[in-house]
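Residues per chain are reported as follows:
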Amino acid sequence: MSGYKTFAVAGAGTIGKYIIEELLKEKTTGKVDKVIILSRSATGNDDLTAKGAEVIVVDYNVPSSLQSALQGIDVVISTLSWAGYPAQESLGDAAKAVGVKLFVPSEFGGDSIKHTEGVFGLKNAQRLRLEKIGLSWAVFITGTFADWMWYQTYFDYDLANGKIEVGGTGNGVTTFTSRTDIARYVAYALTSLPASTLHNHVFKVEGERTSINAALKAYEARTGKKIDITYVPLEVVKERAKNNPADFKSFLALMFELDGPNEPKEEMNVEWPEFKPQTVVEAMLSYKP
């Protein structure tokens, strides 16, 4: 066991709420003593506080606010979105100042290690900054959220209504992991593995590696529902990304089509051999808004 008993999670949204729930399950077993949610608002987390979490309202622009909230915390987990990464810097500084033992930066996606540009470059720079200030880190590389992505109309993925827009051919193989499985792996690693294993370690987590087309075909076979798929030529997607670097939809499409899965398969899930993740189709069917 790591010996880490107190946890602070920044953000309780898309992935954060799942991690908090898994840590709260460990709290009932005695592995965890405290789970706090760092939030800009005192409202909106009633379901998690009812299960035992504590909400502390913080101002990321005020170091003393963060330092006060992190007193006595062993591990800080950031689940801030890419738009909130500047706040993650303040969070890291405060964690270092009060003696937090381990910082988990907001990765939970594609492999950002060694990247210097774009979203991945920004994530990698955040990790390197933790090294610079002398704060130990643990990174979880998980691929795309296998349950969540298919229902995000912002990306023109609307599985609920049977309509999907695919950038490129849809045949690129990539890594998918459901949010539930990501949260389970994070909670397991942070509470069950030796502290020495966690420090400055990259965890490579994978539910299933497959392509967009294969996943949709499997979904149609499982449910009997026909999906209306529109394909956007890859050159068009590249042009959109070039003209607008903030176009996250095109960024994802290019990642799915060109980047491939996260690392060799034999390097995935090695810290938890008994891990049994959902398939992509199982994750699609288990999605909760």
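Residues numbered from 1 in each chain as written. Predicted model: local features only at pLDDT ≥ 70, side-chain atom pairs only at ≥ 80, totals over all residues. Heavy atoms only, no water.

J.: Give a description of the pattern of salt bridges that names residues and reports values.
T.: Tallied over the full model, the rule gives 16 salt bridges. The partner of K204 in a salt bridge is E267, and the shortest N-O contact between them spans 2.7 Å. A residue pair is termed long-range when its members are at least 10 positions apart, and K204 in strand β11 (residues 201-204) and E267 in the loop between α10 (248-259) and α11 (280-286) qualify at 63 residues. Residue classification places K204 among the buried residues on the basis of a relative accessible area of 17%. For E235, the salt bridge is made with K238, and the minimal N-O distance between the two is 3.7 Å. Separated by three residues within a single helix, E235 and K238 lie in helix α9 (residues 234-243), roughly one turn from each other. (Salt bridge = Lys/Arg side-chain N within 4 Å of Asp/Glu carboxyl O. Helix = DSSP H or I, 4+ residues; strand = E, 2+ residues; numbered from the N terminus. Buried < 20%, exposed > 50% of the residue type's maximum accessible area, 1.4 Å probe, protein only.)

J.: I'd love a proper account of helix α4 (residues 85-98), names of residues and values included.
T.: Between its terminal C-alpha atoms α4 stretches 20 Å, which fits the 20 Å expected from 14 residues at 1.5 Å a residue. The set of residues buried in α4 consists of Y85, A87, Q88, L91, G92, A94 and A95. Looking down the long axis of α4, one finds its buried residues gathered within 165 degrees of arc, a one-sided arrangement. Facing away from the buried surface of α4 by more than 90 degrees, the exposed residues are P86 and A97. (Expected span 1.5 Å × (residues − 1). Arc of directions from axis to C-beta.)

J.: Tell me about the domain arrangement of the protein chain, and please be specific about residues and values.
T.: The assigned domain composition of the protein chain is domain 1 (6-141) and domain 2 (145-175 + 208-264 + 278-286). The partner domain 2 presents nine residues to the 10 residues of domain 1 that form the contact. Together, the buried faces of domain 1 and domain 2 total about 760 Å²; carbon and sulfur atoms form 68% of this surface. Seen at the junction of domain 1 and domain 2, the total is zero salt bridges. Between the two partners, domain 1 and domain 2, sit zero residue pairs in polar contact (both at pLDDT 80 or more). Tallied by class, the residues present in the side of domain 1 that touches domain 2 amount to six nonpolar, three polar and one charged. (Domains from an automatic or database assignment. Contact = heavy atoms within 4.5 Å. Buried area = accessible area lost by both parts, 1.4 Å probe. Polar contact = N/O pair within 3.5 Å; in protein donor to acceptor, adjacent residues only side chain to side chain. Nonpolar A, V, L, I, M, F, W, Y, C, P; charged D, E, K, R; others polar.)

J.: So, the pairing of strand β2 (residues 34-39): which residues are in play, and what are the values?
T.: Of all the six residues making up β2, five are buried; the element is thus mostly covered by neighbouring parts of the structure. Here strand β1 (residues 6-10) pairs with β2 via five bridges, running parallel. Each bridged residue has a counterpart across the sheet, and for F7 the counterpart in β2 is V35. Between the parallel elements β1 and β2, the chain passes through helix α1 (residues 16-29) in a crossover that is right-handed. (Pairing = 2+ DSSP bridges. Right-handed = clockwise from strand over helix to strand, strands pointing away.)

J.: Lay out the environment of G30 with the relevant residues and their values.
T.: You can see G30 is positioned in the loop between α1 and β2. Given a relative accessible area of 40%, G30 falls into the partly exposed group. Sequence-wise, G30 and K5 are 25 residues apart; in three dimensions their C-alpha atoms are separated by 8.8 Å.

J.: Which residues make up the layout of surface pockets, and what values do they have?
T.: Roughly 740 Å³ of volume is contained in the largest pocket. Forming the walls of the largest pocket are 36 residues, and the residues nearest its centre are T14, L80, S81, W82 and F145. Those elements giving two or more residues to the lining of the largest pocket turn out to be β2, α5 (118-132), β7 (144-145) and α10. Among the elements that make up the lining of the largest pocket, the one with the highest residue count is α10 (four residues). Each residue belonging to the lining of the largest pocket can be placed in one class, and the counts come to 20 nonpolar, 13 polar and three charged. When we break the lining of the largest pocket down by domain, the ones giving at least three residues each are domain 1 (6-141) and domain 2 (145-175 + 208-264 + 278-286). In this model, the second largest pocket occupies a volume close to 450 Å³. As for the second largest pocket, its lining consists of 18 residues, of which E117, G118, V119, P245 and F251 are closest to the centre. Of the residues in the lining of the second largest pocket, the class split is 11 nonpolar, four polar and three charged. Residues lining the lining of the second largest pocket come from more than one domain, with at least three contributed by each of domain 1 (6-141) and domain 2 (145-175 + 208-264 + 278-286). (1 Å grid on protein atoms, 1.4 Å probe; cavity = no way out; pocket = protein on both sides within 12 Å on 5 of 7 lines; lining within 4 Å. Points joined across faces, edges and corners; volume = space filled by probe spheres on them.)

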